[in-house]
Amino acid sequence: MFNQPYRPVTYHIGGGTPSGTYPSGTGTMGGQPPQVPSGSPMTPSGTVVPVQFPSSEQSFIENILRLNLGKVGTFYMTYENNSEWNAKIFKGVLEAAGRDHIIISDPNTGVRTILLMVNLDFATFDQPLVYQYPGTIGNPPTNRR
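Predicted model, so just to flag it, every value in this text is computed and none were measured. Per chain, the residues get numbers from 1 upward, laid out in the order the sequence is written. Only residues with pLDDT of at least 70 are given local features in this predicted model, and only at 80 or more are side-chain atom pairs given and counted; all residues enter the totals for whole chains, interfaces and linings. Water and hydrogen atoms were dropped before computing side-chain values, which therefore reflect all heavy atoms in the structure.

Engineer: Please give an account of the overall build of the protein chain that cites residues and values.
Structural biologist: Strands are runs of DSSP state E lasting at least two residues, helices are runs of H or I lasting at least four, and both sets are numbered from the N terminus onward. Within the protein chain, the regular secondary structure consists of one helix and five strands. Reading the secondary structure of the protein chain in the N-to-C direction produces α-β-β-β-β-β. Burial statistics for the protein chain: of 145 residues in total, 21% are counted as buried. By definition in these notes, contact holds between two residues if any of their heavy atoms fall within 4.5 Å. Contacts in the protein chain between residues far apart in sequence, at least 24 positions, make up 42% of those at least 6 positions apart. Counting every atom, the protein chain has about 11400 Å² of accessible surface; 56% of that belongs to carbon and sulfur. Here the term buried applies to any residue with accessible area under 20% of the maximum for its type, exposed to any over 50%, and partly exposed to those in between, with areas from a 1.4 Å probe on protein chains only. For accessible areas, the Shrake-Rupley method is used with a probe of radius 1.4 Å. Any residue's cover is judged against the shown protein chains and nothing else.

This is the structure we're talking about:
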């Protein structure tokens, strides 16, 4: 077991000048630091590097599924190294979709099943799917046939 003594270290935040002010002149070291957008990297001297973030959500499978909650889908799953069944098909109403799971329910029995995304091969739906994200330009008409 390591038994290292505690050694406090002093760091100079924001690359302040000897007078104790921030480089941008936004205040003193005791005042408010400059505003930094979430996720923006900073250099060791305290300079913020501007980064362009996507203006809309990316089309990951869980996001597409979330846009289509309440629809009946057929989910094709495979389970490696399973001696009883390697592949299985589940059909039900899509109730929830997370990063690592899908929850469906059987409309006849009400039984709910949690499926793991890692086993999902693909899914089919008998009705049109919503794919565009709300608030983006170019949403398709909702009455497609």
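Still more to cover.
Engineer: Give a description of unusual backbone geometry that names residues and reports values.
Structural biologist: Positioned with a positive phi, N81 is a non-glycine residue whose angle comes to about 55°. By the secondary structure assignment, N81 is in the loop between β1 (72–78) and β2 (87–97). Exposure remark for N81: the relative accessible area of 80% places this residue in the exposed category.

Engineer: Outline the environment of M77, listing residues and values.
Structural biologist: Here M77 is to be found in strand β1. Since its relative accessible area comes to 1%, M77 is described here as buried. In this structure the C-alpha to C-alpha distance between M77 and L116, which are 39 residues apart in sequence, comes to 8.8 Å. For M77, the residues in contact, after removing those within four places along its chain, are N86, A87, K88, F90, L115, L116, N119, L120 and D121.

Engineer: Give a description of the environment of V93 that names residues and reports values.
Structural biologist: Considering the arrangement of structural elements, one finds V93 in strand β2. Sequence separation between V93 and V72 is 21 residues; the distance between their C-alpha atoms is 4.3 Å. Leave out the neighbours within four places in its chain, and V93 touches G70, K71, V72, I103, I104, S105 and P107.

Engineer: Which residues make up the side chain of N63, and what values do they have?
Structural biologist: Note on placement: N63 falls in helix α1 (residues 61–66). One polar contact links N63 to R66, side chain to side chain, over a distance of 2.7 Å. Here a polar contact is recorded for every N or O atom pair within 3.5 Å, except that within protein the pair must consist of a potential hydrogen donor and a potential acceptor, and residues adjacent in sequence are included only if both atoms are side-chain atoms.

Engineer: With reference to specific residues and values, describe the nonpolar core.
Structural biologist: Residues belong to a common nonpolar core when they are buried Ala, Val, Leu, Ile, Met, Phe, Trp, Tyr or Cys residues joined through side-chain atoms within 4.5 Å. Residues L65, F75, M77, L94, I102, I104 and L115 are the most contacted members of the largest nonpolar core, which totals 13 residues. Sorting the residues of this core by element identifies β1, β2, β3 (101–105) and β5 (120–125) as the ones contributing at least two each.

Engineer: Could you give an account of the pairing of strand β4 (residues 112–116), with specific residues and numbers?
Structural biologist: Should DSSP find at least two bridges between two strands, the strands are regarded as paired. Where β3 lies against β4, five bridges are found, and the strand directions are antiparallel. If you follow I103 over to β4, its bridge partner there is I114.

Engineer: Please give an account of the pattern of salt bridges that cites residues and values.
Structural biologist: What makes a salt bridge here is a side-chain nitrogen of Lys or Arg within 4 Å of a carboxyl oxygen of Asp or Glu, nothing more. For the coordinates displayed, the defined rule picks out two salt bridges. Note that K91 and D126 form a salt bridge whose closest N and O atoms lie 3.8 Å from each other. Taken together, the residues span a long stretch of sequence, with K91 in strand β2 and D126 in the segment after β5 at a distance of 35 residues. D126 matches K91 in its accessibility class, with the two residues each being exposed. Note that E95 is salt-bridged to R112, the shortest N-O span being 2.9 Å. One end of the pair, E95, is in strand β2; the other, R112, is in strand β4, and 17 residues separate them in sequence. Residue R112 is classed as exposed on the basis of its relative accessible area, which comes to 57%.

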